[in-house]
Amino acid sequence: MKMHSLILACVMTSGAATAQSMDGMQHDHAAMQRQQQSLPATKDALTYPMQEVQEPEALEFRTGENLPAPELLKDVVNQPAMTLAQWLDLAEAHHPSLVEARAAVARSEQQARQVALPPDPVVGYSGEHIRGGSFHGGEQGAFLSQEIVLGRKLALRRDVVRAEGKANEIGVEMQRARVHNDVAQRFFDALSAQVSVTIHERMLKQAEDAQVNAHELMRVGQADAADVLKAEIQTEQAKMEFVDAQRMFLASFGRLAATAGVATISAQPLDGKLTEPPQMDVQDLIRKSVEDSPAVKQAAASVTIAEAQVKSAQRESVPNVKITAGEWYSGERLDRTNKAAGWMGFAQAGVQLPLWNRNQGNVGAAKADLSRAQAAVVRTQMWIRERAEPIAQQYEQARFTADRYRTQILPRARRAYELEVMKYQQMGQAYPKVLEAQAMLYELQLGYVKALHQEWSAAIALENFTLDGALEKPMSIGAEDAMRNLPSSAGN
């Protein structure tokens, strides 16, 4: 509004007023010069080496150093291209988190084997009245003692650990989904960066072409110094953006290699179809994720573990039987013969009475754990849906945006560029218009790549149950301490 009023005021001003205004401008310009001369220089002031930049009117000189943009990927392009399937195979074979998850399964298998082992027998020496007394005899010998575990307690303990092993098998499946999600995400990050490098290289060539054209127009008097400087600035910006795009690819590739568990691999081209993202029914996919997600399956497996723990805790109150038997040699002298009594056998059997400790506290705790595990299933389902819903909307929006670029925007931009080329070839258009149309086409292509990248990212997340964190510690069920039911623990 202020600008509009100013224009109206200028149009309605008389010639005399205009002359007065010009005088005022000259007076203000002189005052400004005096003010600039009086301003002291400061250490923080930005200085520009203008003496190194030749004015474009001096055509025999360049207006700055026209250094080429660094080619950071010149050795990369000669390497064989890698597909997403190859990266997933590498991750499956080398990813440390999958090794950890599989080791948790093996640990549970061995723990289930260990907890079902019965107590070892005890063999020993026993003696009484070995010295002293009026008979100068004594009893000494060997015995064998064995604790017999009753109530199927060993089998129930094994069932608990086996249930933990089943949960850890699902944990491998869940960690695999995390790895596949992250590797695929990083792959399309790098693939999008790779395509962007190609577009930025074309944009740099277009900017260099515009710079040459500006110099030529300057030579024939159809452009001035400002036009040439602007063209050169745009070229330098294009060089920086081209180098930045290359570094983005190198960074994305390094992140991809680290996520796949093969961080030492050198940068290579990627072979993928960025323009063909998967088509899916996101609501049906959300429903399947809530039902079939490994996270939900593992939560359900925790319910099975809790049920087995309740059964085991209820049977732990059944007492064990301890039997001891052996042979003693008695040195006690018989009255008539004055001979030693000799070898005698003996046996003992005992059972602990569950009068006060019937494991009632552990039974109650196991039942509380069962209630917690059942609630965790519902909570996990809600967690999956809470994560999936916004990703589904991101997918739909990215899909819509990419489709508009593909079917509406880019065809128009390409046709506009072709028309500008045709008019230029027919001498009906200046070449800068062709370059402007070409620059607009490349900018729109970058927008299309961004939309495709977002569509792939959301689709991959939904296909992998929104599970991520490939390099985080995998979830493990059960005691991580490998020492269970030690031989010296008497079956406990």
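Participant: Quick question: what am I supposed to make of the overall build of the protein chain here?
Facilitator: Broken down by element type, the protein chain carries 10 helices and 6 strands. Across the protein chain, every contact between residues at least 6 apart in sequence was considered, and the portion connecting residues at least 24 apart equals 82%. Accessible area of the protein chain: about 30,100 Å², with a carbon and sulfur share of 56%.

Participant: I would appreciate a short explanation of helix 4 (residues 96-115) in the present structure.
Facilitator: In an α-helix there are 3.6 residues to a turn, and that puts residues three or four apart on one side. When the terminal C-alpha atoms of helix 4 are compared, their 28 Å separation across 20 residues agrees well with the 28 Å that a helix rising 1.5 Å per residue should span. Burial in helix 4 covers these residues: Ser97, Leu98, Ala101, Ala104, Val105, Arg107, Ser108, Gln111, Ala112 and Val115.

Participant: How should a nonpolar patch on the surface be read in this particular structure?
Facilitator: On the surface, Val351, Leu353, Leu355 and Trp356 cluster together into a nonpolar patch covering about 510 Å² of accessible area. Along the chain, tryptophan 356 falls in the loop between strand 6 (340-351) and helix 9 (360-425).

Participant: Which parts of the structure should I look at to understand unusual backbone geometry?
Facilitator: Trans peptide bonds make up most of the peptide bonds, and negative phi angles are found at most residues other than glycine. If you check the backbone angles, asparagine 359 has positive phi at about 65 degrees while not being a glycine. Along the chain, the position of asparagine 359 falls in the loop between strand 6 and helix 9. Owing to a relative accessible area of 14%, asparagine 359 belongs among the buried residues under this scheme. Even without being a glycine, methionine 427 presents a positive backbone phi close to 65 degrees. Tracing the backbone through its elements, the reader meets methionine 427 in the loop between helix 9 and helix 10 (431-463).

Participant: Whenever I open this one, the packing of helix 4 against helix 5 (residues 153-219) confuses me. Can you help?
Facilitator: Two elements in contact, helix 4 and helix 5, have axes whose closest approach is 8 Å; the angle formed by their N-to-C orientations is 170 degrees. Comparing their axes, helix 5 and helix 4 come out roughly antiparallel. Each residue belonging to the contact of helix 4 with helix 5 can be placed in one class, and the counts come to 10 nonpolar, 7 polar and 8 charged.

Participant: How do you make sense of the environment of valine 290 when you look at a structure like this?
Facilitator: Considering the arrangement of structural elements, one finds valine 290 in helix 7 (residues 282-292). The exposure class assigned to valine 290 is buried, which follows from its relative accessible area of 11%. C-alpha separation for the pair valine 290 and threonine 380, spaced 90 residues apart in sequence, amounts to 8.3 Å. Filtering out sequence-adjacent residues up to four positions away, valine 290 remains in contact with Val296, Gln381, Ile384 and Arg385.

Participant: Sorry if this is basic, but what is going on with the packing of helix 5 against helix 6 (residues 225-259) here?
Facilitator: For any two helices packed against each other, one specifies the crossing angle of their axes together with the interaxial distance. Orientation of helix 5 relative to helix 6, taken along the N-to-C sense of each, is 165 degrees, at an axis distance of 8 Å. On the basis of their axis angle, the class for helix 5 and helix 6 is roughly antiparallel. Where helix 5 crosses over helix 6, the two elements pack in a sense that is left-handed. Classifying every residue of the contact of helix 5 with helix 6 by side-chain character gives 21 nonpolar, 10 polar and 10 charged.

Participant: I would appreciate a short explanation of the pattern of salt bridges in the present structure.
Facilitator: Where side chains of opposite charge bring their charged atoms close, a pairing between them can arise. According to the stated counting rule, one finds 16 salt bridges in the structure shown. The salt bridge partner of arginine 385 is glutamate 389, with a shortest N-O separation of 3.3 Å. In this pair, arginine 385 and glutamate 389 both sit in helix 9, 4 residues apart, roughly one turn of the helix. The class of glutamate 389 is partly exposed, set by a relative accessible area of 27%. Several salt bridges share partner residues, and in doing so they unite Asp284, Arg287, Lys288 and Glu291 into one network.

Participant: Before we go on, may I ask you to explain the packing of aromatic side chains in this structure?
Facilitator: Aromatic ring pairs are described here by two measures, namely the spacing of the ring centres and the angle between the planes. By the definition in use, this model includes 8 aromatic pairs. Between the aromatic rings of phenylalanine 187 and phenylalanine 188, the centroid separation amounts to 5.2 Å while the plane-to-plane angle is 80 degrees, which identifies the pairing as edge-to-face. Exposure remark for phenylalanine 187: the relative accessible area of 1% places this residue in the buried category. Given the relative accessible area of 4%, phenylalanine 188 is considered buried. Seen from their ring centres, tyrosine 329 and tryptophan 343 are 5.5 Å apart, and the 70 degrees between their planes marks the pair as edge-to-face. Here tyrosine 329, found in strand 5 (residues 321-333), pairs with tryptophan 343, found in strand 6; they are 14 residues apart in sequence, far enough to count as distant. Using a relative accessible area of 36% as the deciding quantity, one classes tyrosine 329 as partly exposed.

Participant: Got a minute to help me understand the confidence of the model for the protein chain in this structure?
Facilitator: Parts of the prediction with low pLDDT should not have their coordinates interpreted in detail. Summarising the model, the protein chain shows a mean pLDDT of 86, and 84% of its residues fall at 70 or more. Below pLDDT 50 for its whole length, residues 1-45 participates in 1 contact with residues either more than four positions away or in separate chains.

Participant: Would you take a moment to explain helix 3 (residues 84-94) for this structure?
Facilitator: Among the residues of helix 3, those classed as buried are Trp87, Leu88 and Ala91. For helix 3, the arc enclosing every buried residue in end-on projection is 100 degrees, short of the 170-degree limit, so these residues lie on one face. For helix 3, exposure combined with an orientation more than 90 degrees from the buried face picks out Asp89 and Ala93. Where the residues of helix 3 are buried, they touch strand 1 (82-83), helix 4, helix 5, helix 6 and strand 4 (270-271).

Participant: Can you help me understand the environment of glycine 165 in this one?
Facilitator: When you line up the elements, glycine 165 lands in helix 5. C-alpha separation for the pair glycine 165 and isoleucine 477, spaced 312 residues apart in sequence, amounts to 7.6 Å.

Participant: Please explain the nonpolar core as it appears in this structure.
Facilitator: For soluble globular proteins, the rule of thumb is that nonpolar side chains tend to be buried together. In this structure, Trp87, Val183, Phe187, Phe188, Phe249, Leu270 and Leu274 are the most contacted members of the largest nonpolar core, which totals 48 residues. Where this core is concerned, the elements lending two or more residues are helix 3, helix 5, helix 6, helix 9 and helix 10. Once residues within four sequence positions are removed from consideration, leucine 274 is found in contact with Phe188, Leu191, Ser192, Val195, Val449, Leu452 and Trp456. Counting 19 residues, the second largest nonpolar core, distinct from the first, contains Ala177, Met280, Val282 and Leu467.

Rules used throughout
- Residues numbered from 1 in each chain as written.
- Predicted model: local features only at pLDDT ≥ 70, side-chain atom pairs only at ≥ 80, totals over all residues.
- Heavy atoms only, no water.
- Helix = DSSP H or I, 4+ residues; strand = E, 2+ residues; numbered from the N terminus.
- Contact = heavy atoms within 4.5 Å.
- Areas by Shrake-Rupley, 256 points an atom, 1.4 Å probe, with all protein chains shown as cover.
- Expected span 1.5 Å × (residues − 1).
- Buried < 20%, exposed > 50% of the residue type's maximum accessible area, 1.4 Å probe, protein only.
- Patch = residues over 30% accessible without salt bridge, like charges linked within 9 Å, V, L, I, M, F, W, Y side chains within 5 Å.
- Salt bridge = Lys/Arg side-chain N within 4 Å of Asp/Glu carboxyl O.
- Axes fitted to C-alpha atoms, helices over the stretch in contact; angles between N-to-C directions.
- Parallel < 35°, antiparallel > 145°, perpendicular 65-115°, else oblique.
- Nonpolar A, V, L, I, M, F, W, Y, C, P; charged D, E, K, R; others polar.
- Left-handed = near helix turned anticlockwise from the far one by under 90°.
- Phe/Tyr/Trp six-rings, centres within 6.5 Å; stacked < 30°, edge-to-face > 60°.
- pLDDT = per-residue confidence, 0-100.
- Arc of directions from axis to C-beta.
- Core = buried A, V, L, I, M, F, W, Y, C linked by side-chain atoms within 4.5 Å.

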